[in-house]
Amino acid sequence: MKATGIVRRIDDLGRVVIPKEIRRTLKIREGDPLEIYVDRGGEVILKKYSPIGELGDFAQEYADSLYESMGHISCIADRDTIIAVAGAPKKEFVNRPLNSALEQVMENRKSVLINDTSAHQYYRESDDMFGPRFANEVIAPIISEGDPIGAVVIGSRDPSMKMTDLELKLAETAASFLAKQMEQ
């Protein structure tokens, strides 16, 4: 475990403040769920909880089905990383941070169809090193109980392979289905 040198006191209601620097680094936002673990040595460990991560194997099967039916790379992400991919090497996508365009789509809670990611507003405004992974893509946010908890991404690296309303509807259907699984 890495020491930060930051010490916080527990208040009379049992609360402790996670410093802003740590929240920013770990992308912990107000309202994000945290899992609490206690080890045998008495250490308390807080871990960001990923509801989509709970569907790990199921999300992978869904990504596989999308890829098999369309032939495009299919990814399912939680709020921070890609958790499932089909049609591309897992080491290239899984557990990699999301780019700011994908985060923006989730925050806006609206699906997007992007043909030519290099010219799209979300990518032009992006200043992060995790730029477009695809030449063309559709992104559908997974919304559960009003909150964005992840996204379904269908993409192509071939600039001539344009995304259509069909891919958009499939991504939206997948996102809706995964959201319903979370609410059960």
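The coordinates are above.
Residues numbered from 1 in each chain as written. Predicted model: local features only at pLDDT ≥ 70, side-chain atom pairs only at ≥ 80, totals over all residues. Heavy atoms only, no water.

A. A look at the sheet that holds strand β3 (residues 73-77). An order of β4-β3-β7-β6-β5 is seen for the 5 strands of this open sheet, with the pairing classed as antiparallel. Sheet topology places β4 (82-86) and β5 (112-115) at the edges, where each strand pairs with a single neighbour. In this sheet, adjacent strand axes meet at a mean angle of 15° when their direction is disregarded. On the sheet, helix α2 (residues 56-70) packs against β3, β4 and β7 (147-156) and is oriented at approximately 35° with respect to β4. Lying on the sheet, helix α4 (residues 100-108) is in contact with β5, β6 (136-144) and β7; it crosses β7 at an angle near 130°. (Pairing = 2+ DSSP bridges. Helix = DSSP H or I, 4+ residues; strand = E, 2+ residues; numbered from the N terminus. Axes fitted to C-alpha atoms, helices over the stretch in contact; angles between N-to-C directions. Contact = heavy atoms within 4.5 Å.)

B. Looking closely at the pattern of salt bridges. By the definition in use, this model includes 5 salt bridges. Residue Arg15 is joined to Asp11 by a salt bridge in which the shortest nitrogen-to-oxygen separation is 2.8 Å. A salt bridge links Glu172 to Lys169, with the shortest nitrogen-to-oxygen separation between them at 3.5 Å. With Glu172 and Lys169 both in helix α6 (residues 165-183) and 3 residues apart, the pair spans about one turn of that helix. (Salt bridge = Lys/Arg side-chain N within 4 Å of Asp/Glu carboxyl O.)

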